[in-house]
Amino acid sequence: MPFLEIFDFDARPAARKMATERATAALCEAFAVEPETVSLYFFAIAPEAYGHAGKYGDAADTKRIFVKLHAYSRSRALRAAAAAKVTEALAAAYGTTAKAVVIYFFERDPSEVSHAGQLADA
């Protein structure tokens, strides 16, 4: 842990490969974790599966990349660092602006996380 769920509009392997490399490095730097603890899951969003600002599909002028970041609880300063670094990494990987990247943090106490059938230590 941390895990990223990335809902994107660009399912090209090259963009996702770059997103994986850069977002992993960004999280490792921000949270001081090893790359082996970081996983990314990609979900492709088709134009007909998206709406924004009351506009649907291709009419929506801003296509936001939505990210759910699952991790153990961290300080506001560490979340801010992760948000800035991951946003920069994903904007570069997808060739978009920082404004088009939205990150929501889903934080957990270690006692609420199981790996290999065992709850994590607090």
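A brief report on the enclosed structure follows. Everything quoted here is computed from the prediction, not taken from an experiment. (Residues numbered from 1 in each chain as written. Predicted model: local features only at pLDDT ≥ 70, side-chain atom pairs only at ≥ 80, totals over all residues. Heavy atoms only, no water.)

### Overview of the environment of Val38
- With respect to the secondary-structure elements, Val38 resides in the loop between α1 (13-31) and β2 (39-44).
- With near-sequence residues (within four places) excluded, Val38 lies in contact with Pro2, Thr24, Leu27, Cys28 and Val33. (Helix = DSSP H or I, 4+ residues; strand = E, 2+ residues; numbered from the N terminus. Contact = heavy atoms within 4.5 Å.)

### A closer look at helix α2 (residues 76-94)
- Relative to the 27 Å expected for 19 residues at 1.5 Å per residue, α2 spans 26 Å between its end C-alpha atoms, a close match to the ideal helical length.
- Regarding α2, the residues found buried are Ala82, Val86, Thr87, Ala89, Leu90, Ala91, Ala93 and Tyr94.
- On its buried side, α2 packs onto β1 (3-8), α1, β2, β5 (65-72) and β6 (101-108).
- Taken from the residues just after α2, Gly95 is the one with a positive phi, measuring 65°. (Expected span 1.5 Å × (residues − 1). Buried < 20%, exposed > 50% of the residue type's maximum accessible area, 1.4 Å probe, protein only.)

### Considerations on the side chain of Thr24
- Summarising the element assignment, Thr24 is placed in helix α1.
- Contacts of Thr24, omitting those with residues within four sequence positions, involve Ala19, Pro35, Val38 and Leu40.

### Things to note about the nonpolar core
- In terms of nonpolar packing, the biggest core is built from 26 residues, with Leu4, Ile6, Leu27, Phe31, Leu90 and Tyr94 touching the most fellow members.
- Those elements giving two or more residues to this core turn out to be β1, α1, β5, α2 and β6.
- Among the elements that line this core, the one with the most residues is α1, at eight residues.
- Contacts of Leu27, omitting those with residues within four sequence positions, involve Pro2, Leu4, Ala32, Val33, Val38, Leu69, Ala82 and Val86. (Core = buried A, V, L, I, M, F, W, Y, C linked by side-chain atoms within 4.5 Å.)

All we've got here are geometric facts, nothing functional implied.
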